[in-house]
Amino acid sequence: MRGLVPRQVSFCTKSQNLFFSTDVEGAIAAADIIFVSVNTPTKTYGIGAGKAANVKNLELCARTIAKVSTSDKIVVEKSTVPVKTAETLKRVLKANQRPGVSFEIVSNPEFLAEGTAVDDLRNPSRALVGGDPTPEGRMAVSTLCSVYEHWISRDRLLTTNLWSSELSKLVANAFLAQRISSINAISALCEATGADVNEVGRAVGADKRIGPYFLRASVGFGGSCFQKDILNLVYLCQTYGLHEVAEYWEKVVTMNDYQKNRFAKNIVGRMFNSVTSKRIAMLGFAFKKDTGDVRETAAAYVAKNLLEEGATVVVYDPKVTAESMFMELEYTLGMTEATFPELKKRLLLVGSHEEACKNAHAIAIMTEWDEFKTYNYEELYSNMVKPAFLFDGRNIVDHSALRKIGFEVYGIGTRGGSEEAIAAAGAASM
Ligand code: UDX
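Values in this document were obtained by computation on a predicted structure and should not be read as measured data.

A separate point is the overall build of the protein chain. For the protein chain, the helix and strand inventory stands at 16 helices and eleven strands. Computed over its C-alpha atoms, the radius of gyration of the protein chain comes to 25 Å, within 12% of the 22 Å expected for a compact globule of 430 residues. Taken over the C-alpha atoms alone, the protein chain extends approximately 75 × 50 × 45 Å along its principal axes. Buried residues in the protein chain amount to 47% of all 430 residues. Taking all contacts inside the protein chain whose residues are at least 6 apart in sequence as the whole, residues at least 24 apart take part in 74%. Split by element, the accessible area of the protein chain, about 21,100 Å² in all, is 55% carbon and sulfur.

Whether parallel or antiparallel, the strands of a sheet pair through hydrogen bonds between backbone atoms. Across the sheet, which stays open at both edges, the six strands sit in the order β8-β7-β6-β9-β10-β11 with parallel pairing between neighbours. Every other strand in the sheet has two partners, leaving β8 (347–349) and β11 (408–410) as the edge strands with one partner each. Averaged over all pairs of adjacent strands, the angle between their axes in this sheet comes to 20°, without regard to strand direction. Of the pairings in the sheet, the one linking strand β6 (residues 279–283) to strand β7 (residues 312–316) comprises five bridges and is parallel in character. The residue bridging I280 from the neighbouring strand is V313, located in β7. Contacting β6, β9 (362–365), β10 (389–392) and β11, helix α9 (residues 243–270) crosses the sheet at an angle of about 165° to β10. Docked against the sheet, helix α11 (residues 322–333) engages β7 and β8, running at close to 150° with respect to β8.

In terms of burial, strand β4 (residues 127–131) is largely enclosed, as five of its five residues are buried. Residues A127, V129 and G131 point to one face of β4 and L128 and G130 to the other, with burial holding for every one of them. This β-α-β element, β4 to helix α5 (residues 135–148) to strand β5 (residues 157–161), shows right-handed connectivity.

This brings us to the pattern of salt bridges. All chains considered together, the criterion is met by 17 salt bridges. R262 serves as the salt-bridge partner of E191, at 2.7 Å between the closest nitrogen and oxygen. Taken together, the residues span a long stretch of sequence, with E191 in helix α6 (residues 162–193) and R262 in helix α9 at a distance of 71 residues. Taken individually, E191 and R262 each receive the classification buried, so the pair is uniform in this respect. Close ionic contact of E368 with R394 constitutes a salt bridge, the shortest N to O distance being 3.6 Å. Placement of the pair is E368 in the loop between β9 and α14 (377–382) and R394 in the loop between β10 and α15 (399–405), with a sequence separation of 26 residues. When sorted by exposure, E368 lands in the same class as R394, which is buried. Each of the salt bridges in this network shares a partner with another, and the network as a whole consists of E114, D293 and R295.

Next up on the list: the domain arrangement of the protein chain. The domains assigned to the protein chain are domain 1 (24–152), domain 2 (172–253) and domain 3 (257–428). The centre of domain 1, based on its C-alpha atoms, is set 29 Å off from the matching centre of domain 2. Summing the contributions of domain 1 and of domain 2, the shared interface buries around 990 Å²; its carbon and sulfur component is 57%. Broken down residue by residue, the surface that domain 1 buries against domain 2 is led by K51, T80 and V83, which jointly contribute 44%. In this assembly, domain 1 and domain 2 are joined by zero salt bridges.

Glancing now at α9. Structurally, the α-helix is built with 3.6 residues per turn, so residues lying three or four positions apart point the same way. Its 28 residues place the ends of α9 39 Å apart at the C-alpha level, agreeing with the 40 Å of an ideal helix rising 1.5 Å per residue. In the segment just after α9, F272 is the residue with positive phi, at about 65°.

Another aspect to go through is the packing of aromatic side chains. The tally for this structure, following the rule as stated, stands at twelve aromatic pairs. Geometrically, the ring pair formed by F391 and Y410 is stacked, given 5.6 Å between the ring centres and 20° between the ring planes. Here the residue F391 occupies a position in strand β10, and Y410 occupies one in strand β11, the gap between them amounting to 19 residues. Just as F391 is buried, Y410 falls in that class too. Through pairs of rings, three or more aromatic residues link up here, namely F372, Y375, Y377, Y381 and F407. One cation-aromatic arrangement involves R126 over F111; the distance from NZ or CZ to the ring centre is 3.7 Å.

Rules used throughout
Residue numbers run consecutively from 1 along every chain, following the written order of its sequence. Predicted model: local features are reported for residues with pLDDT of at least 70 only, side-chain atom pairs are reported and counted for 80 or more only, and whole-chain, interface and lining totals are derived from all residues. Each side-chain value is worked out from all heavy atoms of the structure, with water and hydrogens disregarded. Numbering of helices and strands runs from the N terminus, with a helix taken as a DSSP run of H or I at least four residues long and a strand as a DSSP run of E at least two residues long. With C-alpha atoms as the basis for the radius of gyration, the globule rule is written as 2.2 Å multiplied by the number of residues raised to the power 0.38. Each residue is placed in one exposure class: buried if its accessible area under a 1.4 Å probe, protein chains only, is under 20% of its type's maximum, exposed if it is over 50%, and partly exposed if it falls in between. It only takes one pair of heavy atoms within 4.5 Å for two residues to be counted as in contact. In this description, accessible areas are obtained by the Shrake-Rupley approach with a 1.4 Å probe, and a residue is regarded as covered only by the protein chains that are shown. Two strands make a pair as long as DSSP finds a minimum of two bridges between them. Axes here mean lines fitted to C-alpha atoms, for a helix over just the part in contact, with angles spanning 0 to 180 degrees between N-to-C directions. Assignment of crossover handedness uses the view with strands pointing away from the viewer, where a clockwise path from the first strand over the helix to the second indicates a right-handed crossover. A side-chain nitrogen of Lys or Arg and a carboxyl oxygen of Asp or Glu constitute a salt bridge if their distance falls within 4 Å. The split of the chain into domains comes from an automatic or database domain assignment. When two parts are brought into contact, each loses some accessible area as probed by a 1.4 Å sphere; the total of that loss over both is the buried area. What a helix is expected to span follows from its residue count: subtract one and scale by 1.5 Å. Between rings of Phe, Tyr and Trp, where Trp is taken as its six-membered ring, a pair exists when centres lie within 6.5 Å; planes separated by under 30 degrees are stacked, by over 60 edge-to-face, and by other angles tilted. Any Lys NZ or Arg CZ that is within 6 Å of a ring centre and within 35 degrees of that ring's normal is treated as a charge sitting over the ring.

Structural data, given as structure tokens:
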């Protein structure tokens, strides 16, 4: 890490301007602008446990910055933080700064997504820079903007006050997650009524005011951001006594949990109400395609449910490692060999989809990896126990072609939905 001097920043290869170092103190001392990009996980203990963000790493950074800085610095809050965290940073810096040294805090949240991070960085929908409305604050904001102006057009640089910038990051993720929970809620209704959620999503998204993005029904959203940021927002609302607002946003997470459970329950229901001693091939374990990240992945929740129902779950994912898979089950769901002695005998990760599907009673597609669309399902079918089921948690494979092969296919919010939904629809039509 080295201090960024605005004019040095560019994506060309002419001059080297990206350096890596573990000399944190030296890098801070040499820099004009310091990006604080430490993680802010959900608190697991004390006040706000399970909801509030743990900002201890940020505070530690502020202490180190104050300790080693001998010149003025712009400190950029890049981590996703609760609103008013800049206040904490300011106070810690001020209380520990050397004489004659001053700091300006600027909020500049990160909006890039996994799998498309470099594209998002090169061509962002916007860069947000928030600062204090003082002359020094305005100067800091404009200095940071001048860095971004090297590759981002001025109309995409949004400047705000500090608190709007901090809050916008949480709200952006909450809105994205809300769209997914909304379409997932509708997927349950589609299964009950015979509507098709893909068609409904397309029809609704064609309205310019709604737009087509983030309307893909799925087994549930995952990743390290959505749930964490919504719970953080919920906690913030509760802290300010805005209980109705908190409840409103919490429902986005409730709906996501419902969707994950609904998918697992549907597998059990469809397979004659029992998966005990049955082998279920799970295609994909990552929370989305093009990444090996399994944090908060819906696959872990579904795997846990199926294991508890007595199934053997055989996972194939092009990028996920067994170590990260078991770590996620332990970290997020508290499932270890101590709490579930058969864990490593009944949850296996294998090196190919053929191996995963061989002798399986069912396939469950958990991640939308492109390669899953290209498999020879006829061959997979011939090596499976009959009737062979396929549960498509991402609606990515051709259901009618698979039905022709002989599979019993169930998607999300498409024809052949959940047992309960069909029973309810039957009852309603009588
Ligand atoms: C997200 C935000 O998109 C990004 O702006 C922010 O900086 C970090 O959090 P990321 O977590 O990498 O990025 O993934 P994203 O593409 O947003 O997907 C999140 C989850 O939602 C995934 O599990 C994905 O499969 C799911 N999803 C997404 C759906 O189920 N349906 C959709 O239509 C879109």
